[in-house]
Amino acid sequence: MKQNKVLIIGGGSAGLACAIKLKEQGIDDILLIEKENELGGILKQCIHNGFGLTLYKQEYTGPMYAQLNIDRFMALGIPFLLNATVLDITESKVVTLCDPSGIFEIQANVVVLAMGARERTRGNIGTPGNRCVGVWTAGNAQKYLNMDGYLVGKRIFILGSGDIGLIMARRLTLAKATVVGVAEIMPYSNGLNRNIVQCLLDYDIPLYLSTTITKIKGDGRVEGITLCKVDENRQPMPETSFDIEVDTVLLSVGLIPDNVISEKAMVELDPKTKGPKVNSQLMTTVPGIFACGNVLHIHDLVDHVSMEGMLVADSILTYLNHDTDPKMIPIRAQGALSYVLPQTISSESKTVLLKYRVNKPMKKGILKLISNDQVIMTFPKVDLHPSEMQTLQLSQAILCKMDYNLVVELCDE
Amino acid sequence: MFDIIIIGAGIIGCQMAYTLSLTDLSVLVIEKNTEVLNEVSSANSGIIHTGYDPKEGTLKALLNAKGARMYRDLCEKLQVPLMECGSLLVAHNDQEIETLQGIMDKAEHRKISCEMLDQNACRKTEPNIAPSIIAALYFPTTASILPWQMGYALIDNACQNGVKLHTSEPVIKVERGCVITVTTPKASYQAKMVINCSGLSGDKVARLAEPDYPITLRLKKGEYQVTDKTEASYLNHILFPLPTDKGKGVLAVKTVEGNLLFGPNSTLVKDPFDNDTTPDGLAEVNEKIKDVIIPLPQSRMIRQFAGVRPGSPTNDFIIENHDHWINVIGIDSPGLASSPAIAQYVLDEFIVPTLNPQPVERSVYVHQKPLSMMTHDQRNALIKKNPEYGKIVCLCEDVSYQEVADAIHSPAQTKSIKGIKRRCRPGSGRCQGGFCEAKIVDILSKELGIPKEKVLYDNDDSAFLTPMEALYETK
């Protein structure tokens with residue numbers, strides 16, 4: 001059986017960043033696996049700009065950001081496989097792969113999960129109506145348009161105000177399709193504010209909040225939809241329903257970390273993030289298996305994805321060089337937080353970057369760090385939004401005060 | 001001039017075509033959709049019922065038990081996966097147990113094996129069974145099958161054996177004389193006998209041959225939820241509530257591929273092609289499924305669908321010969337289970353006396369089994385011969401480029417994304433085509449030699465891509 005020190009699954013932003021950093025720090029025995037016929041991941045189809053502001057202090061388009069990383073990766077001569085799919089992976093890190101040369105196994109010391117996310121589908125949310133052609137996820141329509149050069153429809157409605165949906169509203173308008181509107185079941189948008197302004201308001205595309213699609217009509221092709229306001233329990237109120245004629249419905253109703261492979265390796269998943277449970281080194285519950293990027297939790301900025309890949313590279317160096325078994329302290333989210341990452345903190349960590357999301361928009365709030373029922377730090381927070389991931393850097397001074405029963409809580413002032 | 005024209009390539013038409021292809025008769029199958037098996041046969045529970053349920057003396061009673069017993073051999077011969085997982089007919093109270101006992105007697109009388117299980121035995125064999133269930137009747141021979149897998153195997157073999165298949169041709173006119181002339185928008189065809197297997201259009205097509213044909217089909221729509229394959233171990237058997245006048249009730253079914261089906265409800269509809277899912281229908285399924293199993297959350301579902309079942313007013317199959325025009329209509333549940341016996345019945349009762357066909361020895365066409373079901377050695381041998389077998393295009397279901405190409409070029413051919421999905425599964429997994437649909441478009445375009453904007457999703461009017469250049473030219 002072939003052996004590799006580090007096997008990285010996924011050649012998108014997370015996997016590339018991890019591979020580059022590993023190689024730069026002297027790890028040579030790396031193999032990166034990519035299922036598509038080129039590197040770069042989903043950014044390849046995100047031809048809009050706005051990438052790289054956090055990490056590079058410069059604005060790139062998706063393909064530019066991807067190419068930057070691909071060029072560095074190629075320059076370093078890191079081995080990789082294209083058109084290669086992971087069929088199986090065991091807890092002991094034996095990975096079964098399939099590519100046009102055949103099926104083969106690799107024994108790895110370390111595996112990095114960097115497979116990204118998939119889009120939530122119509123079936124996942126159960127939108128009723130006809131099953132005719134004309135309903136796609138926004139990312140799929142984006143692929144048809146930006147990669148292949150084809151439009152999927154002419155009169156389009158978008159369900160869900162996730163960032164991909166908003167970006168597509170603008171993109172489709174520029175491609176001479178008519179975007180009739182965007183509906184969001186929540187009372188607030190789920191996309192970044194800049195995307196609401198630049199993609200909807202600038203093009204006079206209406207955003208219907210607290211609204212969902214209760215019926216997709218069609219016979220062979222989508223002909224229209226019924227929209228309906230929802231109550232505070234997200235239940236449709238039939239008396240508020242109205243019809244719109246469209247030939248296409250795009251869904252932008254969220255991303256789900258793609259953890260089919262992770263589950264095969266017996267990696268424990270967090271029901272909140274839908275990604276692996278990790279410690280502050282981003283190692284999963286299976287020793288030697290790490291996770292970064294959208295497979296771990298959904299990001300709104302690619303910069304954070306790259307940074308996570310780099311953090312995993314650092315952690316792998318430590319993991320390979322030290323045979324330590326540090327004490328792990330669990331940490332959990334409370335109050336107005338939907339999750340906090342990592343799920344456990346190593347007692348040996350020097351600094352830890354906490355990542356969290358709020359579960360509702362908040363103008364002002366207090367973030368508390370609680371250890372053993374004692375509040376050890378408070379941080380005032382303003383303008384918090386579920387669509388924007390927040391971070392909190394814990395210094396060694398704070399970490400040494402943290403004992404057990406750790407809680408991060410966000411409450412109203 | 002054909003000996004026989006079969007109108008409709010659903011599971012009944014396909015069984016009919018296959019059965020007749022083992023004789024020396026010349027046969028034409030006319031299908032109005034682009035793809036075979038596109039209506040009732042692609043949207044039902046996929047169960048081979050044992051035959052305890054139909055009323056004594058009916059065609060359903062005669063053909064269901066007989067058909068069910070034919071499946072094992074037929075599936076083995078054509079290499080179609082059949083999962084004999086058994087079923088539990090459940091009871092929630094003493095009165096229902098009494099009903100179970102009545103059914104047990106009826107089943108034993110029909111020589112269908114079954115066994116009564118108490119509450120503990122139910123829990124043990126089916127851990128996620130609804131807590132309110134206190135007993136169940138266990139039928140070990142109830143089986144689960146994907147109807148289109150059976151149908152494709154039948155029609156591929158029929159085509160291989162010389163049956164002609166014309167798709168995208170709705171029948172618009174029938175003239176009867178010493179031969180029968182069947183007309184579609186493309187051509188007119190003549191045959192000595194015609195078999196009307198046109199499912200949801202059964203009564204309409206019957207009236208083309210006989211304008212005052214009196215029967216109108218009773219159409220019942222059923223809605224379903226489909227779970228991800230990851231839930232396969234959640235269920236071991238097919239779970240039935242007690243049957244009522246409305247039908248067999250909301251069931252929990254495990255498919256051959258490991259997805260679970262929850263449904264169907266039953267609503268009378270007027271439009272045979274009303275296969276919309278509805279908020280009320282799905283809510284009903286979600287509620288009633290609780291009678292048989294501890295429910296799963298919506299996030300575990302990957303799809304909803306609805307199918308219309310063409311029942312007859314008498315609730316029995318209609319199989320009748322009107323002077324060389326044979327109606328095989330009103331085939332609702334247990335139509336799938338009965339289908340091999342229906343085809344045999346039509347042959348024996350109506351065709352043998354008229355056309356005296358002679359059996360012909362035919363070799364069996366077996367479509368290569370999915371690579372995902374093969375050993376690594378078997379897969380490697382194929383990949384060595386053709387590297388395209390190593391290029392995975394659908395991750396959810398582990399399907400390679402060449403398997404899609406093979407499906408396109410199988411004897412009965414496949415021309416649409418929906419057909420590919422049924423033939424070899426890309427698009428039926430958790431991403432529902434999000435990752436693979438564009439790749440399938442690519443393969444269809446290459447293998448059929450057509451531009452992407454001509455690639456069909458379903459029927460002939462379902463191409464969906466507009467090239468960007470075309471958009472800018474119009475300016």
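Going along each chain's sequence as written, the residues are numbered from 1 onward. In the order they appear in the text, chains get letters beginning with A and ligands get numbers beginning with 1. Totals for whole chains, interfaces and linings use every residue, but because this is a predicted model, local features are given only for residues with pLDDT of at least 70 and side-chain atom pairs only at 80 or more, for both listing and counting.

Asks: Tell me what's going on with the overall build of chain A, and back it up with residues and numbers.
Replies: Only DSSP runs of H or I reaching four residues or more are called helices, and only runs of E reaching two or more are called strands; each is numbered from the N terminus. Tallying secondary structure elements over chain A gives 10 helices and 28 strands in all. The quantity called the radius of gyration is restricted to C-alpha atoms. Its globule counterpart is 2.2 Å times the number of residues to the power 0.38. Against the globule reference of 22 Å for 413 residues, chain A gives a C-alpha radius of gyration of 22 Å, in line with a compact fold. In terms of its C-alpha atoms, chain A occupies a principal-axis envelope of roughly 65 × 60 × 40 Å. A burial count over chain A gives 49% of its 413 residues as buried. Any residue whose C-beta has 12 or fewer other C-beta atoms within 10 Å is treated as exposed, any with 20 or more as buried, and any in between as partly exposed, C-beta atoms being built from the backbone.

Asks: A description of the overall build of chain B should follow, citing residues and the corresponding values.
Replies: In terms of regular secondary structure, chain B is built from 13 helices and 22 strands. Since a compact globule built from 475 residues should have a radius of gyration of about 23 Å, the 23 Å found for chain B is in line with a globular shape. Dimensions of chain B, computed from the C-alpha atoms along their principal axes, are close to 65 × 55 × 50 Å. The 475 residues of chain B split such that 56% are buried. Contact between two residues is assigned whenever their backbone-derived C-beta positions fall within 7 Å. Partitioning the contacts of chain B with sequence separation of at least 6, the portion at a separation of at least 24 is 72%.

Asks: Please set out the sheet that holds strand S26 (residues 374–384) of chain A residue by residue, giving values where relevant.
Replies: Residue and element names in this part refer to chain A. Spatial strand order, S23-S21-S28-S25-S26: five strands in an open sheet with mixed pairing. Pairing within the sheet leaves two strands with one partner each, and these edge strands are strand S23 (344–346) and S26. The sheet shows a mean angle of 25° between the axes of neighbouring strands, taken without regard to direction. In this sheet, S23 lies alongside strand S21 (residues 328–335) in antiparallel orientation, the contact comprising three bridges. Pairing between strands requires that DSSP locate at least two bridges from one strand to the other. Helix axes are fitted only over the stretch in contact, all axes being lines through C-alpha atoms; the angle between N-to-C directions runs from 0 to 180 degrees.

Asks: Talk me through the environment of B:Ile215; I want residue IDs and the actual numbers.
Replies: Residues and elements named next belong to chain B. Tracing the backbone through its elements, the reader meets Ile 215 in the loop between helix H6 (202–209) and strand S12 (218–227). What makes Ile 215 partly exposed here is the crowd of 17 C-beta atoms within 10 Å. Here the alpha-carbon distance between Ile 215 and Ser 312, two residues 97 residues apart in the chain, equals 7.9 Å. Beyond its immediate sequence surroundings of up to four residues, Ile 215 is in contact with Asp 203, Ser 312, Pro 313 and Ile 318.

Asks: Run through the sheet that holds strand S12 (residues 155–159) of chain A, naming residues and quoting values.
Replies: The strands that make up a sheet pair up through hydrogen bonds in the backbone, lying either parallel or antiparallel. Residues and elements named next belong to chain A. One open sheet holds the five strands; their spatial order is S10-S18-S12-S13-S14, and the pairing between them is parallel. A single partner strand is all that each edge strand has here, and the edge strands are strand S10 (135–137) and strand S14 (207–208). Taken together, the three bridges between S10 and strand S18 (residues 248–251) define a ladder with parallel strand orientation. Across the sheet, Trp 136 pairs through a bridge with Leu 250, a residue of S18. Where helix H6 (residues 163–174) meets the sheet, its contacts fall on S12, strand S13 (178–183) and S18, and the angle it forms with S13 comes to roughly 165°.

Asks: Any details on the interface of chain A and chain B? Residues and values, ideally.
Replies: Note: interface size is frequently given as the accessible area lost on complex formation between the parts. On the chain B side, the residues contacting the 36 residues of chain A number 44 residues. At the level of elements, strand S6 (85–89), strand S7 (94–99), strand S8 (102–113), strand S9 (117–119), helix H4 (122–125), helix H5 (138–148) and strand S11 (150–151) of chain A are the ones that each hand at least two residues to the side of chain A that touches chain B. By residue number, the principal contributor to the side of chain A that touches chain B is H5(A), which donates five residues. Charged residues are taken to be Asp, Glu, Lys and Arg, nonpolar residues to be Ala, Val, Leu, Ile, Met, Phe, Trp, Tyr, Cys and Pro, and polar residues to be all remaining types, Gly included. Broken down by class, the residue content of the side of chain A that touches chain B amounts to 11 nonpolar, 16 polar and nine charged. As defined by bridge partners, S11(A) adjoins strand S22 (residues 466–467) of chain B across two bridges and the pair is classed as antiparallel. Bridging across to S22(B), A:Tyr150 finds its partner in B:Pro467.

Asks: Outline the domain arrangement of chain A, listing residues and values.
Replies: Each assigned domain of chain A is listed with its residue range as follows: domain 1 (1–119 + 255–323), domain 2 (121–253) and domain 3 (327–413). Residue-level contacts link 13 residues of domain 1 of chain A with 14 residues of domain 3 of chain A. Domain start and stop positions are those given by an automatic or database domain assignment.

Asks: Describe the pairing of S21(A), with residues and values.
Replies: Put simply, side chains in a regular strand alternate between the two faces of the sheet. Here five bridges tie S21(A) to strand S28 (residues 406–411) of chain A, and the two strands are oriented parallel to one another. Considered in S28(A), the bridge of A:Ile331 is made with A:Leu406.

Asks: Describe unusual backbone geometry, and please don't skip the residues or the numbers.
Replies: A negative phi holds for most residues other than glycine; trans holds for most peptide bonds. Cis geometry is adopted by the peptide bond preceding A:Pro342, which originates at A:Leu341 and carries an omega value of -5°. Structurally, A:Pro342 can be placed in the loop between strand S22 (337–341) and S23. The omega torsion across B:Gly263 and B:Pro264 is 0°, close enough to zero to call that bond cis. Inspection of the secondary structure assignment puts B:Pro264 in the loop between strand S15 (260–263) and strand S16 (267–269).

Asks: An account of the domain arrangement of chain B is needed here, citing residue identities and associated values.
Replies: Residues and elements named next belong to chain B. Here chain B is described as being made up of domain 1 (2–41 + 147–215 + 314–355), domain 2 (87–140 + 218–311) and domain 3 (371–473). Between domain 1 and domain 2, the C-alpha centre-to-centre distance is 31 Å. Contact residues are listed per partner, giving 11 residues for domain 1 and nine residues for domain 2. Residue classes in the side of domain 1 that touches domain 2 are distributed as four nonpolar, six polar and one charged.

Asks: Tell me about the pairing of strand S16 (residues 222–229) of chain A, residues and numbers included.
Replies: Residues and elements named next belong to chain A. As paired elements, strand S15 (residues 211–218) and S16 share seven bridges and run antiparallel to each other. Following the sheet pairing, Ile 216 is matched in S16 by Ile 225. Linking S15 back to S16 in an antiparallel pair, the connection comprises three residues, with Gly 220 at a positive phi of about 90°. Two strands pair when backbone bridges link them, and S16 and strand S17 (residues 242–245) are joined in this way by four bridges, in the antiparallel orientation. Paired with Leu 227 across the bridge in S17 is Phe 242.

Asks: Give a detailed account of helix H7 (residues 279–288) of chain B, specifying residues and quantitative values.
Replies: Residues and elements named next belong to chain B. Every buried residue of H7 is accounted for by Gly 281, Leu 282, Val 285 and Asn 286. Buried residues of H7, viewed axially, fall in a sector of 135°; they line one side. Residues Asp 280 and Glu 287 are exposed on H7 and point more than 90 degrees away from its buried face. Buried residues along H7 sit in contact with S12, S15, S16 and strand S17 (301–311). Note that the arc is defined by the directions from the helix axis to the C-beta atoms.

Asks: I'd like a rundown of the packing of helix H1 (residues 13–24) of chain A against helix H9 (residues 302–321) of chain A, residues and numbers included.
Replies: All names here are of chain A. The interhelical angle for the contact between H1 and H9, taken along N-to-C directions, is 40°, at an axis separation of 7 Å. On the basis of the axis angle, H1 is oblique to H9. The interaxial crossing formed by H1 with H9 has right-handed handedness. Judged by residue contacts, Ser 13, Ala 14, Gly 15, Ala 17, Cys 18, Lys 21 and Leu 22 of H1 engage Val 302, Val 305, Ser 306, Glu 308, Gly 309, Met 310, Val 312, Ala 313 and Ile 316 from H9. Partitioned by chemical class, the residues of the contact of H1 with H9 number 10 nonpolar, four polar and two charged. Geometric relationships in this document are graded by angle, where less than 35 degrees denotes roughly parallel, more than 145 denotes roughly antiparallel, 65 to 115 denotes roughly perpendicular, and other angles denote oblique. For a crossing to be left-handed, the near helix must be turned anticlockwise from the far one by less than a right angle; the clockwise case is right-handed.

Asks: Describe the environment of B:Tyr18, and please don't skip the residues or the numbers.
Replies: Residues and elements named next belong to chain B. Here Tyr 18 lies in helix H1 (residues 11–21). As a C-alpha pair, Tyr 18 and Thr 167 span 149 residues in sequence and 17 Å in three-dimensional space. In contact with Tyr 18, other than residues within four places in its own chain, are Leu 154, Asn 157 and Ala 158.

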